[in-house]
Amino acid sequence: MATLTAKHALVTGGGSGIGLAIARALAEAGAEVTITGRRREVLDEAAQGQPGLHPLIMDVTDEASVAEGIAAARAAHGPIAICVANAGIAEGRSLAKTSLEFWRQIMATNLDGAFLTIRECLPDMLAADWGRVIAMSSVAGLKGLKGAPAYTASKHGVIGLIRSLSEDHLGTGVTFNAICPGYVDTPIVARNIDSIAARIGGDRDKALAIMVGSNRHKRLLEPEEISAAAMWLVGPGSQSVNGQTIEIAGGQM
Ligand code: NDP
């Protein structure tokens, strides 16, 4: 396991789901972990009784909030060494039902959010000549997800961002990688079951079966299966892994 004592990690969307699993694993390895989100109660509950987790209200769609939030985190726990750009929203809507407002909301959270967060954290890592940037993409970043053009485009964008940054910073001690999960058992998936169910006549069991059925192991993934990959990416064995995508999806079709 990676030893991260005295390293400061920042995990956006760290109060729930995949982000919380990653934050807990980082803290167990010794890091001081700033967990961010928009809901105070969710962050406080996540941090309660968990040494090393530090809640921070920060809206990743808001440039000033990201700049101020990360400055405050840095002042409290030191320069950021590990940046996990994980915050995201997901909703499937056909193109005909995709308003410009909905499109922009998805892009603002999933793509602008990753860009703003990484831009703000990166100078610390370059100054230290060591850093790990991990962005949460999706299998929808690697292929077209049916009925979700905005989400799919945003997650493809995250991978493009990571690939370009890895090229720009070759030769430094900073690596940039994206994780591409299939369906993971988190609050996002619970909400998506409802939106799929609405498309197919309200049957939640059928909606869940569609998600589970797309995984060849016929189950939702656990958040800890995603945090395991993140922990490998921050550990010593992955220092030559850069600009890559790691698909964890049970062979999702
Ligand atoms: P969650 O809903 O549990 O996590 C999403 C997190 O993002 C929440 O903690 C939420 O906190 C935060 N967030 C959303 N909008 C904003 C915002 N504007 N500013 C700051 N934080 C925000 O679901 P997951 O853990 O599943 O999702 C984590 C990531 O994994 C997402 O990027 C998602 O797209 C990706 N993913 C998930 C998959 C899955 O099946 N679960 C599959 C593939 C990818 P708050 O609302 O308090 O702000």
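Residues numbered from 1 in each chain as written. Predicted model: local features only at pLDDT ≥ 70, side-chain atom pairs only at ≥ 80, totals over all residues. Heavy atoms only, no water.

1. A closer look at the sheet that holds strand E5 (residues 131–136)
If you trace the 7 strands from one edge of the open sheet to the other, you get E3-E2-E1-E4-E5-E6-E7, paired in parallel fashion. Either end of the sheet is taken by a strand with one partner, and the two such strands are strand E3 (53–57) and strand E7 (245–248). Strand-to-strand twist across the sheet, computed as the mean angle between neighbouring axes with direction ignored, equals 20°. Relative to E5, strand E4 (residues 80–85) runs parallel, the two being bridged by 4 bridges. (Pairing = 2+ DSSP bridges. Helix = DSSP H or I, 4+ residues; strand = E, 2+ residues; numbered from the N terminus. Axes fitted to C-alpha atoms, helices over the stretch in contact; angles between N-to-C directions.)

2. A word on the site of the ligand
Among the 30 residues in the neighbourhood of the ligand, the closest are listed as Ser16, Arg38, Arg39, Val184 and Thr186. Contacts to the ligand include Arg39, whose side-chain N or O atom sits 2.7 Å from an oxygen atom. The side chain of Lys155 places a nitrogen or oxygen atom 2.9 Å from an oxygen atom of the ligand. Per element, the largest residue contribution to the shell around the ligand is 4 residues, and it comes from helix H6 (residues 187–199). (Near = heavy atom within 4 Å. Polar contact = N/O pair within 3.5 Å; in protein donor to acceptor, adjacent residues only side chain to side chain.)

3. Quick look at the UniProt feature "domain: Ketoreductase" (unreviewed entry) in the chain
Feature annotation in UniProt places "domain: Ketoreductase" (unreviewed entry) on residues 7–182, given in this structure's numbering. Segment residues 7–182 splits into 48% helix and 20% strand. End C-alpha atoms: 29 Å apart. (UniProt positions renumbered as here; feature names shortened; annotations may be inferred.)

4. Examining the packing of helix H4 (residues 100–128) against helix H5 (residues 149–168)
If you want to describe how two helices pack, look at the angle between their axes and the distance between the axes. In contact at an axis separation of 9 Å, H4 and H5 are set at 20° when each is read in the N-to-C sense. The angle between the axes of H4 and H5 places the two elements in the roughly parallel class. When the axes of H4 and H5 are compared, the crossing they make is right-handed. Every residue of H5 that contacts H4 at Phe102, Trp103, Ile106, Met107, Asn110, Leu111, Ala114, Phe115 and Ile118 is listed here: Pro149, Ala150, Tyr151, Ala153, Ser154, Lys155, Gly157, Val158, Leu161, Ile162 and Leu165. (Parallel < 35°, antiparallel > 145°, perpendicular 65-115°, else oblique. Left-handed = near helix turned anticlockwise from the far one by under 90°. Contact = heavy atoms within 4.5 Å.)

5. Details of the pattern of salt bridges
Charged atoms that come close allow side chains of opposite charge to pair. Applying the stated rule across the entire model yields 6 salt bridges. The partner of Arg204 in a salt bridge is Asp194, with the nearest N and O atoms 2.6 Å apart. Taken together, the positions of Arg204 in helix H7 (residues 204–214) and Asp194 in helix H6 put the pair 10 residues apart, joining distant regions of the chain. Its relative accessible area of 41% is what places Asp194 among the partly exposed residues. (Salt bridge = Lys/Arg side-chain N within 4 Å of Asp/Glu carboxyl O. Buried < 20%, exposed > 50% of the residue type's maximum accessible area, 1.4 Å probe, protein only.)

6. Structural notes on the nonpolar core
Counting residues in each nonpolar core, the largest one holds 35 residues, and the members touching the most others are Leu26, Val33 and Ile179. In terms of residues, this core owes the most to one element, helix H1 (residues 17–28), which gives 7 residues. Other than its neighbours up to four places away in sequence, Ile179 contacts Ile134, Ala135, Met136, Ser137, Ser138, Ile226, Ala229, Ala230, Leu233, Ile246 and Ile248. By size, the runner-up hydrophobic cluster in this structure holds 27 residues, among which are Ile80, Leu116, Leu122 and Val133. (Core = buried A, V, L, I, M, F, W, Y, C linked by side-chain atoms within 4.5 Å.)

7. A word on H6
Side chains of residues three or four places apart in an α-helix project in the same direction, reflecting 3.6 residues per turn. In a regular helix each residue adds 1.5 Å, so 13 residues correspond to 18 Å; H6 covers 19 Å between its end C-alpha atoms and thus fits that length. For H6, the complete set of buried residues consists of Val189, Asn192, Ile193, Ser195, Ile196 and Ala197. Residues of H6 that are buried make contact with H7. Of the residues trailing H6, Gly201 is marked for its positive phi of about 95°. (Expected span 1.5 Å × (residues − 1).)

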